[in-house]
Amino acid sequence: MTGTVTIVDHPLVQHKLTLMRDVNTPTAEFRRLLREISLLLGYEVMRDLALDHKTIMTPLAEMSAPILSGKKLCFVSILRAGNGLLDGLLDLVPSARVGHIGLYRDPKTLVAVEYYFKMPEDLADRLVIVVDPMLATANSAVAAVERLKEAGASQLKFVCLLAAPEGVERFRADHPDVPIYTAAVDDRLNDHGYIVPGLGDAGDRLFGTK
Ligand code: PRP
Ligand code: URA
């Protein structure tokens, strides 16, 4: 089985992504744009949520109307840049549970180093949507999904803003059961594991740390 990759090519997403890539876009604007894009990605990622029907009264008539079936959701943010996508998803589904996994890339080896892991107990019963703006080597995303599977998660999706072809290939090889959603797949990785043309360091641009 090979995992699916959905590129969300909606013009609004592509326009906002261009603004985010621009080196002259300041931190506050970058953060606002990522939150806006997360809403648009969220619509696509949750497109197949199951619906039930409920009988309600409108001001004019009774009707059987669609309503989310109550499928349990858990959003998992890969710290720290994942938090830039999280708030928008929570606006869409405020009742979702939230997990955090802290990972940073060792700057020399690019290996993902875990420093935090906190999840709701009933991961096995939930659709787990993992968020991180960047899928570069995929070391971080692969490690995060491995940990989540160890913790019981069995139904997962991965959402990012930008991916490198190398990262997409690696993630699909290691986790073919986990679909990827992204706004774009760029050209390549550079020698430091950065996506080119990319947008730079997502965490630093989001939080103004450089
Ligand atoms: C960035 C990004 C991903 C990771 C992607 O995080 O947010 O988590 O790099 O790279 P990879 O696919 O090669 O693993 P970083 O390690 O810079 O940590 P930060 O979010 O704390 O800035
Ligand atoms: N992490 C980032 O923030 N940006 C990249 O281009 C690669 C990894």
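This text gives an overview of the structure that appears in the document. Because the structure is predicted, anything quoted here is derived from the model rather than measured.

1. Re the sheet that holds strand β4 (residues 73–79)
Okay, step 1: One open sheet holds the seven strands; their spatial order is β1-β11-β9-β7-β4-β5-β6, and the pairing between them is mixed. Across the chains shown, the open sheet's two edge strands, defined by having one partner strand only, are β1 (5–7) and β6 (112–118). On average, each strand axis in the sheet is inclined to that of its neighbour by 20°, with strand direction left out of account.
Okay, step 2: Where helix α2 (residues 27–45) meets the sheet, it contacts β1, β7 (127–131), β9 (155–159) and β11 (180–182), and its direction lies at approximately 145° from that of β9.

2. As for the packing of aromatic side chains
Okay, step 1: Scanning all chains against the criterion turns up two aromatic pairs.
Okay, step 2: Their ring planes at 35° and their centres at 5.3 Å tell us that Phe158 and Phe171 sit as a pair that is tilted. Of this pair, Phe158 sits in strand β9 while Phe171 sits in helix α5 (residues 165–174); the two residues are 13 residues apart in sequence, bridging distant segments of the chain.
Okay, step 3: Here Arg105 stacks its cationic end above the ring of Tyr194, 5.4 Å away from the centre of that ring.
Okay, step 4: The aromatic ring of Phe117 is capped on one face by Arg147, whose charged end is 3.9 Å from the ring centroid.

3. Structural notes on the pattern of salt bridges
Okay, step 1: All told, the structure shown has 15 salt bridges when counted by the stated rule.
Okay, step 2: Note that Asp87 and Arg35 form a salt bridge whose closest N and O atoms lie 3.8 Å from each other. On the criterion of sequence distance, the pair formed by Asp87 in helix α3 (residues 83–92) and Arg35 in helix α2 is long-range, its members being 52 residues apart.
Okay, step 3: Looking at Asp87, the relative accessible area reads 39%, which means it is partly exposed.
Okay, step 4: A relative accessible area of 35% places Arg35 in the partly exposed class.
Okay, step 5: Taking the shortest distance from any N to any O, the salt bridge between Asp174 and Arg170 comes out at 3.4 Å. Here Asp174 and its partner Arg170 are both found in helix α5, four residues apart, which amounts to about one turn of the helix.

4. Let's talk about the packing of helix α1 (residues 11–21) against α2
Okay, step 1: Running from amino to carboxyl end, α1 crosses α2 at an angle of 160°, the nearest separation of the two axes being 10 Å. With respect to their mutual orientation, α1 and α2 come out roughly antiparallel. The handedness of the crossing between α1 and α2 comes out as left-handed. Across the interface between the two elements, Leu12, Val13, Lys16, Leu17, Leu19 and Met20 from α1 touch Phe30, Leu33, Leu34, Glu36, Ile37 and Leu40 from α2.
Okay, step 2: Partitioned by chemical class, the residues of the contact of α1 with α2 number 10 nonpolar, no polar and two charged.

5. A word on the sheet that holds strand β8 (residues 134–135)
Okay, step 1: In spatial order, the strands read β8-β10-β12; together these three strands make up an open sheet with parallel pairing. At either end of the open sheet lies a strand with only one pairing partner, and these are β8 and β12 (184–185).
Okay, step 2: Summarising the sheet, strand β10 (residues 162–163) and β12 pair through two bridges and their orientation is parallel. Across the sheet, the residue bridging to Ala163 is Val185, located in β12.

6. Digging into the nonpolar core
Okay, step 1: Grouped together as the largest cluster of nonpolar side chains are 38 residues, with contacts concentrated most on Met46, Leu73, Phe75, Ile129 and Leu161.
Okay, step 2: Contributing elements (two or more residues each) for this core: α1, α2, β4, α3, β7 and α6 (202–207).
Okay, step 3: Here this core takes seven residues from α2, the largest share from any one element.
Okay, step 4: Non-local contacts of Ile129, meaning those with residues more than four positions away in its chain, are made with Val45, Met46, Leu73, Cys74, Phe75, Val76, Lys157 and Val159.
Okay, step 5: Among the nonpolar cores identified, the runner-up in size contains 26 residues, and Ile78, Ile101, Ala144 and Phe171 belong to it.

Cut-off values and rules
Residues numbered from 1 in each chain as written. Chains lettered and ligands numbered in written order. Predicted model: local features only at pLDDT ≥ 70, side-chain atom pairs only at ≥ 80, totals over all residues. Heavy atoms only, no water. Pairing = 2+ DSSP bridges. Helix = DSSP H or I, 4+ residues; strand = E, 2+ residues; numbered from the N terminus. Axes fitted to C-alpha atoms, helices over the stretch in contact; angles between N-to-C directions. Contact = heavy atoms within 4.5 Å. Phe/Tyr/Trp six-rings, centres within 6.5 Å; stacked < 30°, edge-to-face > 60°. Lys NZ or Arg CZ within 6 Å of the ring centre and 35° of its normal. Salt bridge = Lys/Arg side-chain N within 4 Å of Asp/Glu carboxyl O. Buried < 20%, exposed > 50% of the residue type's maximum accessible area, 1.4 Å probe, protein only. Parallel < 35°, antiparallel > 145°, perpendicular 65-115°, else oblique. Left-handed = near helix turned anticlockwise from the far one by under 90°. Nonpolar A, V, L, I, M, F, W, Y, C, P; charged D, E, K, R; others polar. Core = buried A, V, L, I, M, F, W, Y, C linked by side-chain atoms within 4.5 Å.

On their own, these measurements won't tell you what the molecule is for.
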